[in-house]
Structures are given as structure tokens and as C-alpha cells.
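If you want the building blocks of each chain, they are given just below.
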Amino acid sequence: MTQAVLITGASSGIGEALAREYARRGWKIALAARRAPALAEFRAELRSLGSPEVIALGLDVRDSATIAPALEEADAALGGLDLVIANAGVAHMFAAGTGQIEQMREMIEVNLIGACATVDAAVAIFLRRGRGGHVVGISSMARYRGLARLGIYSATKAGLHRYLQATRMEHAGAGITVTELAPGYIDTPMNRANTSRPFVVGADVAARVMADLIERRVACATVPRWPWMVLGRLMQVLPVPILRRLT
Ligand SMILES: NC(=O)c1ccc[n+]([C@@H]2O[C@H](COP(=O)([O-])OP(=O)(O)OC[C@H]3O[C@@H](n4cnc5c(N)ncnc54)[C@H](OP(=O)(O)O)[C@@H]3O)[C@@H](O)[C@H]2O)c1
């Protein structure tokens, strides 16, 4: 039977590449992001790549009350969602003491509350239907350690990591799979201005790796696995002066 996926943050970067990957794999797709006109144009390309049905939903995840209705709409329109990917995210770089309260608020509302509310809405649909489902959260290598000038970003991703961990424990018996994918540097508009992007890979490569990991129903993995799997462990124990020099 044809499966259906909903992807938040599908108008750019990783979300856009994931949509192309699932289209090639023949899935029905619900695209969600604020830039609804861009999503509407993207539908035709996804159909030509092999998706039998694509819908586009204008969604601002900071407006958290609209998340569950959007997922319900996609579930009804596509004949049942099998997979929900909470991917929408923002990153702002600044150090503590610079008064960037609005940027802090945006990251917390999008990366943490928005992602958790997306996971919550997906689980509610899967529980009601009673035949399980799969929900994926996109965290980051920054969830392993608070990184300089990425303090709030790191905090939101560590928070999402914990929430996914708890959700996995709560619903393991109900056929609900919870996957966390922690990307290293993926070439997207989010980081193109960075002066250094060690081990960067293209979004299309990352999306293929992610879809394979999702298909294998892994609990948690870095993307790509190598070298980030090892670096994730190292990041947790390296002394601050060395970590500061590396990042
Ligand atoms: N690129 C990397 O190296 C990297 C590394 C680690 C983790 N990640 C994570 O991967 C995810 C995707 O990032 P990316 O690199 O693909 O970034 P991106 O190219 O900047 O795309 C971000 C996406 O999030 C959506 N978004 C932002 N704010 C939103 C809001 N309020 N409501 C709904 N959608 C919103 C954007 O869509 P609209 O603007 O149309 O709403 C866009 O589609 C993020 O969670 C990011 O933290 C990325």
C-alpha cells in the first residue's frame, strides 16, 4: 500500500530534499512550511519524481494551536499518515550577554515547542487510529554539548532529544516508532554563511541517508553516521579549551 509522509520545514534545505527523496520512493507527501506559494510550486516537481499525491499546507509552527489541525487535515487528505517528520528549525548565532531575546524566543518556539507539538499531534493521530505509526525529530550535533554562540540552539536540540526519548518510552507498546536524527553539517541556507563547515555533505545525500535510517526504524542516529557518530561521543567529554578551538 502507498505510504504517506508529512514533513515540516519542507520549503528549504533538508525538508525539501527529504520531500524529493520520498517522492522518488513513491510516497504520498504533505508539505508544511510558512512559504505556502513555494510549496504549491514544488508539488508538480514531486509528482513528476514519482509521488502519487502531494498536498501543501501553510503552517507556522510558532502558532502551536494550528499544528494538530494541520496534521489532521493531511491525515484525512492522504488517507492516513504513516510517517511525520518534525524538521522545521531555525538557528541564530550569538553569545550570552548580547540581549538577543527575540532570537532566543524564536528558536525555543520553533525548534522546541513547535517540534514537540508536531510530535504530540502525530502520536495522537497514531494512537487514535490504533495501528501505530512513525514519528521523526530532527535534532543536531549541538544536542550533544552546549556550543559557543549556539547556546539556545543547543538547548532546544537537547530538549527535543529528551522529549523524543521520553515519547519513545511512553508508546513503545502501541506500535509507535520514535526516531531522532542528529545531522552534522548539511549544505543548506541555514549554514551557507558559516566560514567553516567540517565534513559538510549535500542535502540530497543527507536525505537519502535519513530515509534509509527511517526505513530501518533506528531510535537515534547521526547524519551522516560517519564521522559524527564518533564525534558525538567525543563532544561530550572533550575539555572546553579543545572544544572551543575545534568549533
Ligand atoms: N543544515 C544543517 O547543517 C543542520 C545541522 C543540524 C541540524 N539541522 C536541523 O535540520 C532542520 C532543517 O534545517 P535546514 O538546514 O534544512 O534549514 P533551512 O534550509 O533554513 O530550512 C528551515 C525550514 O524550516 C522552516 N521553518 C522555519 N521557521 C518555521 C516556522 N515558524 N514554521 C514553520 N516552518 C518553519 C522553513 O520554512 P519557511 O521559512 O517557509 O517557514 C524551512 O523550510 C532544522 O531543524 C535544523 O535545526 C540542520
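For the structure itself, consult the block above.
For the structure given in this document, a descriptive report is provided here. (Residues numbered from 1 in each chain as written. Predicted model: local features only at pLDDT ≥ 70, side-chain atom pairs only at ≥ 80, totals over all residues.)

1. Some words on the overall build of the protein
No. 1: When its secondary structure is counted, the protein shows eight helices and nine strands.
No. 2: Rg of the C-alpha trace for the protein: 17 Å, near the compact-globule value of 18 Å for 247 residues, within the 12% margin.
No. 3: Judged by the C-alpha coordinates and their principal axes, the protein covers about 55 × 40 × 35 Å. (Helix = DSSP H or I, 4+ residues; strand = E, 2+ residues; numbered from the N terminus. Rg over C-alpha atoms; globule rule 2.2 N^0.38 Å.)

2. A few points about helix H6 (residues 203-215)
No. 1: Compared with an ideal rise of 1.5 Å per residue, which puts 13 residues at 18 Å, H6 spans 18 Å between its outermost C-alpha atoms and is within 8% of the ideal.
No. 2: Within H6, burial applies to Ala-203, Ala-206, Ala-207, Val-209, Met-210, Ala-211 and Ile-214.
No. 3: Of the residues one or two after H6, Arg-217 is the one with positive phi, at around 55°. (Expected span 1.5 Å × (residues − 1). Buried ≥ 20, exposed ≤ 12 C-beta atoms within 10 Å, placed from the backbone.)

3. A short note on the site of the ligand
No. 1: Around the ligand, the structure places 30 residues, and the nearest of them are Gly-9, Gly-13, Arg-34, Arg-35 and Gly-89.
No. 2: At three residues, the largest contribution of residues to the shell around the ligand is made by helix H1 (residues 13-24).
No. 3: Each residue belonging to the shell around the ligand can be placed in one class, and the counts come to 15 nonpolar, eleven polar and four charged. (Near = placed C-beta within 6 Å. Nonpolar A, V, L, I, M, F, W, Y, C, P; charged D, E, K, R; others polar.)

4. Quick word on unusual backbone geometry
No. 1: Here Val-223 and Pro-224 are connected by a cis peptide whose omega angle stands at -10°.
No. 2: The topology assignment puts Pro-224 in the loop between strand E9 (220-223) and helix H7 (228-237).
No. 3: Of the consecutive residues Trp-226 and Pro-227, the connecting peptide bond is found in the cis state with omega at 5°.
No. 4: Topologically, Pro-227 is positioned in the loop between E9 and H7.
No. 5: A positive phi angle is found at Arg-149, which is not glycine, with a value near 65°.
No. 6: Looking at the element boundaries, Arg-149 is found in the loop between strand E5 (133-138) and helix H5 (151-171).
No. 7: Of the residues examined, Arg-149 has 14 C-beta atoms within 10 Å and is grouped as partly exposed.

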